[in-house]
Amino acid sequence: MPVLPTPANRRLWLLLLVGAQLLFIVAVAAAGYATTAYGRTVQLRTAPVNPRDLLERDHLRLTYGITYLPLTLWQEANKPRRRQPVYVALRAQGNAYAAVRVYNQEPSTLPPDQVILRGWVVGSSRRTLRLRYGLERYYAPENQVKALNKKGSHALLVHVSIAPWGQARIAKAEVL
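Residues numbered from 1 in each chain as written. Predicted model: local features only at pLDDT ≥ 70, side-chain atom pairs only at ≥ 80, totals over all residues. Heavy atoms only, no water.

An unreviewed UniProt entry annotates the protein as GDYXXLXY domain-containing protein of Hymenobacter defluvii.

Given below as structure tokens:
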């Protein structure tokens with residue numbers, strides 16, 4: 001004979017479900033704030049690509065100077081595979097950071113003037129490695145997006161906070 005749930009049991013399950021959802025939302029927000037608070041901030045050169053989408057006017061699509069890298073930076077014997085996670089070593093060059101090496105596993109040691117940014121292989125050719133970092137969209141208030149995208153092809157300097165555990169987040173963007 002099946003046991004029917006009592007109203008008290010249903011209420012308990014509902015409270016547990018709502019509590020789990022709230023805990024998840026708080027954890028996601030806390031991870032973002034922790035990345036900004038504990039992360040190392042680097043500056044990356046980028047240019048906006050105007051999406052021209054009437055429904056999504058609150059963001060810029062960004063193409064970074066470290067999106068397309070020479071295959072000579074690849075430090076492994078095997079060829080990079082599509083969708084493979086990679087670790088890009090960045091070093092300051094002027095007012096922005098540039099890629100100096102690309103690994104398929106996070107290096108155990110790194111010079112103090114370098115930082116690791118995790119990305120994924122989108123594709124590769126004989127000479128070029130194309131990567132994405134999960135930082136290709138910058139969400140901002142509409143008036144700020146319009147100001148940043150006013151000329152359409154000018155360069156931006158994006159401040160990215162990279163946490164010690166590998167998560168990265170855009171802190172702000174400014175026109176060069």
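Further notes follow.
A. Seen up close, unusual backbone geometry. Even without a glycine there, the phi angle at Arg83 is positive, about 70 degrees. Classification of Arg83 by relative accessible area gives exposed; the value is 69%. (Buried < 20%, exposed > 50% of the residue type's maximum accessible area, 1.4 Å probe, protein only.)

B. Structural view of the sheet that holds strand β3 (residues 68–70). The 5 strands are arranged β3-β7-β6-β4-β5 in an open sheet whose pairing can be described as antiparallel. Here the strands that pair on one side only, and so sit at the sheet edges, are β3 and β5 (96–103). The sheet shows a mean angle of 50 degrees between the axes of neighbouring strands, taken without regard to direction. Pairing of strand β6 (residues 114–124) with strand β7 (residues 128–132) involves 4 bridges; the strand directions are antiparallel. Following the sheet pairing, Val121 is matched in β7 by Leu131. (Pairing = 2+ DSSP bridges. Helix = DSSP H or I, 4+ residues; strand = E, 2+ residues; numbered from the N terminus. Axes fitted to C-alpha atoms, helices over the stretch in contact; angles between N-to-C directions.)

C. Here's a closer look at the side chain of Gln84. Residue placement: Gln84 occurs in the loop between β3 and β4 (85–93). Classification of Gln84 by relative accessible area gives buried; the value is 5%. Contact partners of Gln84, with chain neighbours within four places excluded, come to Trp74, Lys79, Asn104, Gly119, Trp120 and Val121. (Contact = heavy atoms within 4.5 Å.)

D. Broad picture of the pairing of strand β9 (residues 156–162). Most of β9 is tucked away, with 7 of its 7 residues classed as buried. Judged by which residues are buried, β9 turns out to be covered on both faces: Leu156, Val158, Val160 and Ile162 on one side and Leu157, His159 and Ser161 on the other are all buried. Bridge analysis of β9 against strand β10 (residues 168–175) gives 7 bridges, and the strand direction is antiparallel. Following the sheet pairing, Val160 is matched in β10 by Ile170.

E. Inspection of helix α1 (residues 7–38) at higher detail. For α1, with 32 residues, the first-to-last C-alpha span of 45 Å sits near the 46 Å given by 1.5 Å per residue. Listed as buried for α1 are Gly32, Ala34 and Thr35. Where α1 is buried, its residues meet β9 and β10. (Expected span 1.5 Å × (residues − 1).)

F. Main features of the nonpolar core. Ranked by internal contacts, the top residues of the largest apolar core, which has 31 residues, are Leu44, Ile66, Leu69, Val88 and Leu90. Within the residue set of this core, elements represented by two or more residues are β1 (40–49), β2 (59–64), β4, β5, β6, β7, β9 and β10. Top element by residues in this core is β9. It accounts for 4 residues. Discounting chain neighbours no more than four positions away, the residues touching Leu44 are Tyr64, Ile66, Leu90, Tyr97, Leu117, Leu156, Leu157, Val158 and Val160. Grouped together as the second largest cluster of nonpolar side chains are 5 residues, Tyr87, Ala89, Val100 and Tyr103 included. (Core = buried A, V, L, I, M, F, W, Y, C linked by side-chain atoms within 4.5 Å.)

G. Structural view of the pairing of β7. Going residue by residue along β7, you find Leu129 and Leu131 tucked away on one face and Thr128, Arg130 and Arg132 left uncovered on the opposite face. Summarising the sheet, β3 and β7 pair through 3 bridges and their orientation is antiparallel. Its bridge partner being in β7, Leu69 is matched across the sheet by Leu129. The turn joining β6 and β7, which pair antiparallel and follow one another in sequence, is formed by 3 residues.

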